[in-house]
Structures are given as C-alpha cells and as structure tokens.
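Single-letter residue listing:
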Amino acid sequence: MSPDVAADPSATVARVKRWYHCIEVAPGVVTPGLFDLRPVVERMPWPDVRGLRCLDVGTADGFLAFELERRRAGEVVALDIPDPEDWDWEAHTARSGPEYVRAVAGPELGAGLRTARELRGSAVTVSSGSVYDLNPARLGTFDVVVCGSLLLHLRDPLRALTAIRSVCRGCLLCTNQLDLGRTVTHPRTPLFRLDGVSGITQWWIPNAAGHRRILRAAGFKVERVSRPYSIPFGPAHPPRGMSPRALGHTLTQLVVTGGRGVPHLAVLARA
C-alpha cells in the first residue's frame, strides 16, 4: 500500500466516483455504496471455505470476494466485466446505458474493487471476463463459486449457470433478487417475472421456487436455502418514494424478510 493511501483512506475512498458495495476498508472507514450487505451476510448459507480455491462471479466492488477471504479461503478470484459495452443491456438502452455508466463511474469499471483491495491489504486476485465465458481452460476449477445478485441482470441465466458449473467442482452459493409477491402467493410453483424494458438492466426475477428450480435445471443439487432477506440500500442509493403501493410492498417486506431493501434468497447447491 502506498504511503498516501495508508495515511488517508477516507480521501482515497472519496476519489472513487461510484461505489456499489458498502465495504469497511479501514477501521471506521466504510465505502458509500448503493447496497449494504453487511447486515445480511450471515443469513446466507455459507459453506466452509477454509483453505479452498474460490471464485466470486460478478464481483462489482468485491464485498463477497473479501468475505470469502475473511472466512479463510485459500485463494479467491474476483471476476467481472471491465467494459459496460459488454453488459446485457435492454434493446432501448444499448447505446445510452454504457454512456451513463461511464458518466457516473468513470471511464473504467473496477476502480472500487482495486481501491478496496489495496486499502484492505487483500490478496484477492482480480480477473476480467464474462460469466458466459467461464471454462476450466481459462481460470481452472474452483471448490466454491459465489454468484451474488447477478442472474437477474442476464438475458440467459441458464447459460451462465452452465458455464459456472463447468468450473465448479464443489459448491455454488447463489443469491438472487426475489419476486416477493409471487413468493408469497405461489410458494411451490416456479415462476419468473420478465422485465427487460424498465431501463435498470433487469431481466428474469424469480420467486423462491423459481430460484431453486433454475439451479436444478442447470445441473446443481440444492443443499441449503436461506429464508428470504432484504439487502439494505446504502447511502449512495437514490431515495425511494412512499406511495400507497410502495408502503404496502414495504410492509410485506418487513413481515416476510424482516427488513427493508431488495428482497433476496440465497441457495447453496452442489455441482
């Protein structure tokens, strides 16, 4: 770590234009992210990763990669796409989407991950690439793969899971946003809500049964499932209105997930 970074970690954090995750990068210094996984990370069904080779797919700022490291993984690789042109954009945002990301995050993605890695003195290996391109010849195989809040942003989540399975010789911890209403009304029927037009790069949003089913369809065996939980919004997230509909949704969230934010489910599955 450079002397300047070590002397003033808060100033180093402030130089990053956009943070996705809230991460404690130094004692008392937390990045101002869009989402804060810290209150819910223990609600996920983590496997024992001690001494194992692990991959975090779609790592963003690296919160889950650093969590694997904290849990004493032997090696952690953090993978994400460096160019927003390669995201699965909706048809009407194919041009404006990458321009917007560059405007709010800077010309190159990954600044948050690199900064957090340096500030934490982390040994996480940073790798560039798409989940669709995963194969044993490129990165080898992994004992544990973590895929956090990624599938909803993909046009073809089954193709992505098939690629993940090709490099997973053990467990996959997969978290995804839930359609909470359909989780409540159809707890046993696998259902997916198709978006693809709202402009927020979301495609397939499953209910809890749908999340379990897509993993089984990709060849994984479901071993443990969390209870639904909500990932809280971080300080960088835009304020959300409280219309009567939004208020009803919030009340449902509080009852079903015990908190406010984005409803999620975490599933531990074996290849």
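None of these values were measured; they are calculated from a predicted model.

1. With respect to helix α3 (residues 63–70)
Line of reasoning, step 1. Most of α3 is tucked away: 6 of the 8 residues are buried.
Line of reasoning, step 2. Taken together, the buried positions of α3 are Phe63, Leu64, Ala65, Phe66, Glu67 and Leu68.
Line of reasoning, step 3. If you follow the buried residues of α3, they end up packed against β3 (53–57), β4 (75–80), α5 (111–120) and β6 (142–148).
Line of reasoning, step 4. The positive-phi residue at the C-terminal boundary of α3 is Arg72, with phi of around 70°.

2. A word on the pairing of strand β12 (residues 262–270)
Line of reasoning, step 1. In terms of residue burial, β12 counts as a mostly covered element, since 8 of its 9 residues are buried.
Line of reasoning, step 2. By the bridge criterion, 4 bridges tie strand β10 (residues 221–225) to β12 in an arrangement that is antiparallel. Looking at β12, one finds that Val225 is bridged to Val267.
Line of reasoning, step 3. Across 3 bridges, the pairing between strand β11 (residues 229–231) and β12 is antiparallel. What sits directly across from Tyr229, in β12, is His264.

3. So, the pattern of salt bridges
Line of reasoning, step 1. All told, the structure shown has 14 salt bridges when counted by the stated rule.
Line of reasoning, step 2. Of the charged contacts, one joins Glu67 and Arg70 as a salt bridge, the two residues approaching to 2.7 Å between their closest N and O atoms. Of the two residues, Glu67 and Arg70 both sit in helix α3, 3 residues apart, roughly one turn of that helix.
Line of reasoning, step 3. Arg70 sits in the partly exposed class, given a relative accessible area of 49%.
Line of reasoning, step 4. Counted as one network, the salt bridges with shared partners bring together Glu42, Glu67, Arg70 and Arg71.

4. Digging into the environment of Glu85
Line of reasoning, step 1. Of note, Glu85 is situated in the loop between β4 and α4 (96–105).
Line of reasoning, step 2. Residue Glu85 is classed as partly exposed on the basis of its relative accessible area of 44%.
Line of reasoning, step 3. A sequence separation of 10 residues divides Glu85 from Arg95, and the C-alpha atoms of the two residues are 8.4 Å apart.
Line of reasoning, step 4. When neighbours within four sequence positions are excluded, Glu85 is seen to be in contact with Pro98 and Arg102.

5. Quick look at the pairing of β4
Line of reasoning, step 1. Direction of pairing for β3 relative to β4: parallel, over a ladder of 5 bridges. When the bridges of β4 are listed, Arg53 appears paired with Glu75.
Line of reasoning, step 2. For the segment spanning β3, α3 and β4, crossover handedness is right-handed.
Line of reasoning, step 3. Judged from the 4 bridges that link them, β4 and strand β5 (residues 125–128) form a sheet pairing that is parallel. Looking at the pairing, Val77 lines up with Thr125 of β5.

6. Digging into the environment of Gly210
Line of reasoning, step 1. Relative to the helices and strands, Gly210 is located in helix α9 (residues 208–217).
Line of reasoning, step 2. On the basis of relative accessible area, Gly210 is assigned to the buried category, the value being 0%.
Line of reasoning, step 3. Gly210 sits 79 residues away from Val131 along the chain, and the two C-alpha atoms are 20 Å apart.
Line of reasoning, step 4. Gly210 has contacts with Pro190, Leu191 and Phe192, leaving out every residue within four places of it along the chain.

Conventions we followed
For every chain, the first residue of the written sequence is number 1, and numbering continues from 1 along that sequence. In view of the model being predicted, local features appear only for residues whose pLDDT reaches at least 70, and side-chain atom pairs are presented and counted only at 80 or more, with totals across whole chains, interfaces and linings using the full set of residues. The side-chain figures draw on all heavy atoms in the structure; neither hydrogens nor water molecules are used. Burial here depends on accessible area, computed with a 1.4 Å probe over protein chains only, as a share of the maximum for the residue type. Under 20% is buried, over 50% is exposed, and the range in between is partly exposed. Helix numbers and strand numbers start at the N terminus; a helix is a DSSP run of H or I with at least 4 residues, a strand a run of E with at least 2. The contact criterion used throughout is that any non-hydrogen atoms of two residues lie within 4.5 Å. Between any two strands, at least two bridges found by DSSP are needed for them to pair. Think of a salt bridge as a Lys or Arg side-chain nitrogen and an Asp or Glu carboxyl oxygen that are within 4 Å of each other. If you view a crossover with the strands going away from you and the path from the first strand over the helix to the second runs clockwise, you call it right-handed.

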